[in-house]
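# Fold and geometry: a report
These are the residues of each chain, in order.
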Amino acid sequence: MNKFTLVLFRSLGFKRPKPKTRLGRCLRRAERLLSILGLLYVGLLLFPQVLFAHSVTAQGVTIYARQPLPTGTTACIARVKTLVEQTELSVPGRREQVFVCNARWLFRVFRPFGFRVFAVSIPWTDKIFIADADLSKDISRREATEFNSRSFSGVVAHEITHGLIRHRLGLFRGMRLPDWVAEGYCDFVAHESSFPEAEGLRRLAADEPDVSTAFRYFTYRQMVRYLIEDQHLSFAEVVEHAKNFATIKAATRKAIKDELHND
């Protein structure tokens with residue numbers, strides 16, 4: 001056994017001197033068990049396919065599910081690709097893996113904390129896990145009493161964009177990006193938010209306080225839209241404005257207020 005392997009085994013609780021007390025032996029067994037469970041969990045994050053028996057692949061996107069996928073799956077993938085390919089961050093030939101959990105316990109395996117969301121993109125693997133979805137209707141749902149549904153294709157496009165942001169900026173810089181830029185840009189690419197559009201524009205123009213996370217994300221999307229569509233900024237230039245939240249929000253609110261007034 002080489003030195004590296006020996007160090008690895010010892011770090012996992014193996015190949016160490018045998019404890020002399022009963023408590024020490026119990027602690028050693030517990031340490032080994034936790035190490036094994038940890039390795040199994042990491043393996044599951046890397047290869048979640050073992051829990052999903054069915055899949056459909058089209059245009060570089062593979063959708064995995066525990067139940068047979070409907071015939072409309074390829075149409076959903078086509079809508080996803082249409083959305084993602086409109087962003088300057090799009091990477092030709094990039095492959096995506098999307099796992100539809102459709103079970104609370106399963107989604108919580110991959111998203112143990114803050115699970116009342118539509119989906120999650122794991123930073124170090126870029127694998128995407130969807131909480132609940134009906135692909136035949138292009139609907140995605142989250143565990144909440146309001147603002148709990150939006151299009152499946154929009155959710156997947158949103159999560160793919162998170163991966164594209166990390167690809168462009170690097171893992172750590174991408175993860176440190178302020179929410180208003182990261183979430184706002186992802187919803188901008190998705191062309192939607194879970195908060196009702198007309199109500200959101202009215203509230204934002206009136207400078208009403210945040211009423212939910214859904215409205216906050218709607219606000220972020222409008223701020224990014226203002227910078228890109230009205231001010232004609234690139235993604236890199238939007239990132240440069242990351243610290244100017246209050247200024248950008250005020251300018252966005254004024255632009256929306258003027259537009260609504262003119263209508």
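Residues numbered from 1 in each chain as written. Predicted model: local features only at pLDDT ≥ 70, side-chain atom pairs only at ≥ 80, totals over all residues. Heavy atoms only, no water.

### Some remarks on the pairing of strand β1 (residues 54-58)
Here β1 runs beside strand β2 (residues 61-65); their pairing, made up of five bridges, is antiparallel. Within the sheet, the bridge partner assigned to Thr57 lies in β2 and is Thr62. The hairpin turn running from β1 into β2, its antiparallel successor, is two residues long, and Gln59 in that turn takes a positive phi close to 55 degrees. (Pairing = 2+ DSSP bridges. Helix = DSSP H or I, 4+ residues; strand = E, 2+ residues; numbered from the N terminus.)

### Here we look at the sheet that holds strand β6 (residues 132-134)
As summarised here, the arrangement of the three strands in space is β6-β7-β8, forming an open sheet in which the pairing is antiparallel. The open sheet has two edge strands with one neighbour each: β6 and β8 (149-151). Neighbouring strand axes in the sheet, compared pairwise and without regard to direction, differ in orientation by 25 degrees on average. For β6 and strand β7 (residues 139-141), the ladder comprises three bridges, and the chain directions are antiparallel. Bridging across to β7, Ala133 finds its partner in Ser140. (Axes fitted to C-alpha atoms, helices over the stretch in contact; angles between N-to-C directions.)

### Considerations on the sheet that holds strand β4 (residues 119-121)
Spatially, five strands are ordered β1-β2-β3-β5-β4 in an open sheet, and the strand pairing comes out mixed. Because the sheet does not close on itself, it has two edges, and the strands there are β1 and β4. Here the average twist between neighbouring strands, direction ignored, is 15 degrees. For strand β3 (residues 96-100) and strand β5 (residues 128-130), the ladder comprises three bridges, and the chain directions are parallel. Counterpart to Val98 in the pairing with β5 is Ile128.

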